[in-house]
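# Structural characterization, general
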Amino acid sequence: MVTEASRQPLAATRRLRPSFTAVAGTALVLLMLVWLGINFYKTPSDFVQIFLIGFTLGALYALIALGYTLVYGILELINFAHGDVFMLGSMMAVTVVGTTLFDLHQGRVWYVLWPLVIVALLICMAFCGLLNVTVELIAYRRLRSFILQNVGLAWKGPNYVQTASVLPKGNVFSTHGVTYTWEKLIVLIVTVPVLLVLVWLVQRTRQGKAMRATAQDTDAAAMMGINVNRTISFTFLIAGALAGAAGLLYALYAGSVRFDQGFQLGLIAFTAAVFGGIGNLPGAVLGALLIGLIQAFNEGLSWHAPGSDWTQSIVFALLILILVFRPEGLLGERTPEGG
Amino acid sequence: MARARADIDTAALQNRSLRMGIGAVLLLLAVAAEHGFGSLDLSTFYFLAVMAIIYVPPWESVPVVGRFARAGIAVIIAFTYPFFWDKLFTVPVFGAFPSVSTGVVMLVFIMMAVGLNIVVGYAGLLDLGYVAFYAIGAYVAAWFASVQFPHANVHFGAVGVGQNVPGFHISIWLLLIAAGFLTAGVGVIIGLPTLRLRGDYLAIVTLGFGEILPQIARNSDNFFGTGFNLTNGPNGITPIDSPGFFGVNYLTGSGAFWTSERLFYWTGLFLLLFTIFCSVRLRDSRLGRAWIAIREDETAAAAMGVPLMRTKTWAYASGAFFGGIAGAYYASFKSATFPGDFFFNISVFILCMVILGGMGNIWGVIFGGAFLAYLDQEGLADSGSWINSHFSEVGFNVLVGVLFVGGVVATLVYARDMYWRAGLAAVSGLLALLFFVVTPIPLPIDVPKYEFGIFGVILLVVMLFRPEGLIPSTRRAAEFHEGVADEPLYDVQHEGA
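Note that the structure is predicted; figures quoted are calculated from it, not measured. (Residues numbered from 1 in each chain as written. Chains lettered and ligands numbered in written order. Predicted model: local features only at pLDDT ≥ 70, side-chain atom pairs only at ≥ 80, totals over all residues.)

## Some words on the overall build of chain A
In terms of regular secondary structure, chain A is built from 14 helices and four strands. Buried residues in chain A amount to 46% of all 339 residues. Partitioning the contacts of chain A with sequence separation of at least 6, the portion at a separation of at least 24 is 81%. (Helix = DSSP H or I, 4+ residues; strand = E, 2+ residues; numbered from the N terminus. Buried ≥ 20, exposed ≤ 12 C-beta atoms within 10 Å, placed from the backbone. Contact = placed C-beta atoms within 7 Å.)

Quick look at the structure:
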């Protein structure tokens, strides 16, 4: 106790320097909380509904953000093509879901439908995983995302493509004016197991161990007999697979896809990754959930919300603020690859 | 440089003559193959003769005038271009030479590329939001030379605008200068908090600014809910006054000689020459040497006493200055400004020019800018119609497929020490080939639609085989090949050292 007490003034003086940033940041957060509180008071059912939308959206972003963070963690490189890999994944999803196999079973019983959805998920994940590895192999450089974007353009044309609706119609639940549809629930149904598998993969398997080692120190990992190149490819494979899962979910959730969606969503997901602390896996999920909530609240709430015109500006402003004032993100640099 | 002036490097002379000869034969054969030997008119030979005069003689060993000879001839050709462009021969695939109005657009984009080159090429700061400066310049011209603010009635030096027309009508010449300085100021404001960041992070922050500013422009027909119409939203601001002097309005021109296009072209050329002059002088100044030192090794530069923040901010401000002037001039030329003109694509487009030509080398950047801007304006459409008239659908898809497989084979060679990954590339290449067979690209093909895909492929090839750009500066090339740069803009992640 004595030492604690004697440390107190020291800690106080130390805290003086970054106080402006801290105070401004806290004020901003408090202001936002007050704004949210007033909105909750005015329209409680809307608020809960929007919260659920935001959470779902956040889970979707988390899948994409994890791809950025995984690759950054291991290579310290921002994979600018990731958003477009995701876009191609959603195009693949539209193609797969639009095939006759799915058409026949539309609205069928659950034990036919869900395995089909899982098959579609696996196809998309495999497609995007291999695509991402190929991208990494052919050119690990920026700006080539435009090639992928054009592939998407050539594939599905410049307009929005509707997804065939395969999910059960109607709501999962609807109480007190709060509704939750299958399109949203499936995002959570898929995301949670995928994240669990990812954690298991990174934490428990040999390959995951190799990934963590490579992320910590490439040279040392190579000296310990880890095949660094294969590990890097494996990381890209996982990142691509996550993007593929996100692609399918997005196609089902949003109901339509377009060739230029990848860039926008990719940037939002990248912001999420930076927000949580790039290279940090739980951070990416946390950041993505927060960004999803911010976006949903901004677009959905009725009392003094800037509206969807400004979503992008808000997200980017947030990105700039974080990069300038807290480049290590919310969860900081615990270990390069988190876990 | 230490070599005696009069000493002629015969080996280099022979080398250049040989290359010029091969180039001339190839061009003549291509023209003849396109239209038959009867089509080889005099202009083809004039063109080759001028190229040879610029390229072959050992100008660098001529005393006094030698330094300026090549640039001088090029400038003379550029100034007289409006008189002879329509009499030139037809280039195979690409068609006719660019028209004068295309030339104006090319000049504006070259100017922006030269401006961006200061930031990216000299100081090595990757800027993905250069379009923001272009947008600010354009909106300065739009605000102060149009009827956007009808309550004001301020006239100052504008040509061809009646005294009763509402809004601000300031002379475009003044606005060019104002746009330059305002944009430089914004560059400093953006730069001060962000330039502490390095590499990727800086790129992302600039990208963020480049995305936010157009959105503000798009949403500011109701400026932050105040009801004030700042930018007229997605409808943009149009028309914008044209420049003019001595009572000659650029919009209408004066007589058969001073046509509107020529006036804009010559003024644009003058602005570009000014930009190039400033850029060259800046590069050789104390500040420019500090930029290059920072590019090569930031830590070492700081240790040698280069003030990092101030130097970087100057680079940002100088680059922004020319971006602003170019934006204002372009807005005045097009007589319109739309928020849709300022997307991320444009930033990348300008960055492509810098990278393709050769970062840091002004002649390379000019070439890259001219080539890509030409492709964007005319080249892609022309080559598209050439493809449509020369290929059957099957033939074209086979060609694309063969090119694709060729690319995969090149990658196999490139990645020969990584067998399993190369195998993966082969498999995906074959899958992609199958893709072309199953869903062939339909003809007629709309080539400009795939513009950025084509740019992407061009860049990819350049980055793989000549990462320093087509016409690099010697110093920059050395950095790429010796691995001096500790943070190369384009990481060759390939078999960790």
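## A short note on the overall build of chain B
In terms of regular secondary structure, chain B is built from 17 helices and four strands. Of the contacts made within chain B by residues no fewer than 6 positions apart, 74% connect residues no fewer than 24 positions apart.

## Things to note about the nonpolar core
One broad trend across soluble globular proteins is that nonpolar side chains are buried collectively. Formed by 199 residues in total, the largest nonpolar core has its most connected members in A:Tyr61, A:Ala65, A:Cys124, A:Ala245, A:Leu249, A:Ala269 and B:Ala141. Counting residues per element, this core draws most heavily on helix H3 (residues 44–75) of chain A, which supplies 17 residues. Two domains each put at least three residues into this core: domain 2 (100–378) and domain 3 (385–482) of chain B. Beyond its immediate chain neighbours, meaning those up to four positions away, B:Ala141 contacts B:Ile172, B:Leu175, B:Ala179, B:Ile240, B:Ala328, B:Ala331 and B:Ser332. (Core = buried A, V, L, I, M, F, W, Y, C linked by C-beta atoms within 7 Å. Domains from an automatic or database assignment.)

## Observations regarding the packing of helix H9 (residues 286–296) of chain B against helix H11 (residues 308–334) of chain B
Residues and elements named next belong to chain B. Running from N to C, H9 and H11 point in directions that differ by 105°, and their axes come no closer than 10 Å. In terms of their interaxial angle, H9 and H11 are classed as roughly perpendicular. Together, Leu287, Ala290, Trp291 and Ile294 of H9 and Leu308, Thr311, Lys312, Trp314 and Ala315 of H11 make up the contact between the two elements. Tallied by class, the residues present in the contact of H9 with H11 amount to seven nonpolar, one polar and one charged. (Axes fitted to C-alpha atoms, helices over the stretch in contact; angles between N-to-C directions. Parallel < 35°, antiparallel > 145°, perpendicular 65-115°, else oblique. Nonpolar A, V, L, I, M, F, W, Y, C, P; charged D, E, K, R; others polar.)

## Some thoughts on the domain arrangement of chain B
Residue and element names in this part refer to chain B. Per the domain assignment, the segments of chain B are domain 1 (10–87), domain 2 (100–378) and domain 3 (385–482). Across the contact, 15 residues belong to domain 2 and 14 residues belong to domain 3. Here the residues of the side of domain 2 that touches domain 3 are counted per class, giving seven nonpolar, six polar and two charged.

## Thoughts on unusual backbone geometry
Residues and elements named next belong to chain B. Look at Ser335: it is not a glycine, yet its phi comes out positive at around 60°. Relative to the helices and strands, Ser335 is located in the loop between H11 and helix H12 (344–357). The class of Ser335 is partly exposed, set by 18 C-beta atoms lying within 10 Å.

## Considerations on helix H11 (residues 228–254) of chain A
Here H11(A) spans 38 Å end to end across 27 residues, near enough to the 39 Å set by a 1.5 Å rise per residue. When you tally the buried positions in H11(A), you get 23 out of 27 residues, the bulk of the element. (Expected span 1.5 Å × (residues − 1).)

## Describing the environment of B:Arg310
Residue and element names in this part refer to chain B. Within the secondary structure, Arg310 is located in helix H11. Overall, the presence of 12 C-beta atoms within 10 Å leaves Arg310 in the exposed class. Along the sequence, Arg310 and Gly23 sit 287 residues apart, while their C-alpha atoms lie 46 Å from each other.

## Quick word on H12(B)
In this model H12(B) runs 20 Å from its N-terminal to its C-terminal C-alpha over 14 residues, within 8% of the 20 Å that 1.5 Å per residue would give. Within H12(B), 11 of the 14 residues are buried, which leaves it mostly tucked inside the rest of the structure.

## Side note on the packing of helix H4 (residues 100–122) of chain B against helix H13 (residues 362–390) of chain B
Residue and element names in this part refer to chain B. Contact geometry of H4 with H13 gives a least axis separation of 8 Å together with a crossing angle of 140°. Put simply, H4 runs oblique to H13. By crossing handedness, the relation of H4 to H13 is classed as right-handed. Residue-level inspection shows Thr102, Val105, Met106, Phe109, Ile110, Ala113, Val114, Asn117 and Gly121 of H4 in contact with H13, the latter providing Ile362, Val365, Ile366, Gly368, Gly369, Ala370, Ala373, Tyr374, Gln377 and Glu378. (Left-handed = near helix turned anticlockwise from the far one by under 90°.)

## Observations concerning the environment of A:Arg204
Assignment of secondary structure puts A:Arg204 in helix H8 (residues 182–204). Residues A:Arg204 and A:Gly25, 179 residues apart in the sequence, show an inter-C-alpha distance of 38 Å.

## Some remarks on the environment of A:Gly287
All names here are of chain A. Along the chain, Gly287 falls in helix H13 (residues 281–300). Residue classification places Gly287 among the buried positions, given that 31 C-beta atoms sit within 10 Å. For the pair formed by Gly287 and Gly277, sequence separation is 10 residues and the distance between their alpha carbons is 8.1 Å. Look past the residues within four positions of Gly287 in its chain and what remains in contact with it is Ala65, Ala272, Ala273, Phe275, Gly276, Gly329 and Leu330.

## Points about the confidence of the model for chain A
All names here are of chain A. On average, chain A scores 73 in pLDDT, and the residues at 70 or more come to 72%. The secondary structure element of chain A with the lowest average pLDDT is helix H7 (residues 145–156), at 47, and the one with the highest is helix H9 (residues 206–216), at 86. Overall, residues 141–147 carries pLDDT values under 50, and its contacts beyond four positions in sequence, including any with other chains, amount to 23 contacts. Contacts for the low-pLDDT stretch residues 152–160, under 50 throughout, to residues beyond four places or in other chains number 16 contacts. (pLDDT = per-residue confidence, 0-100.)

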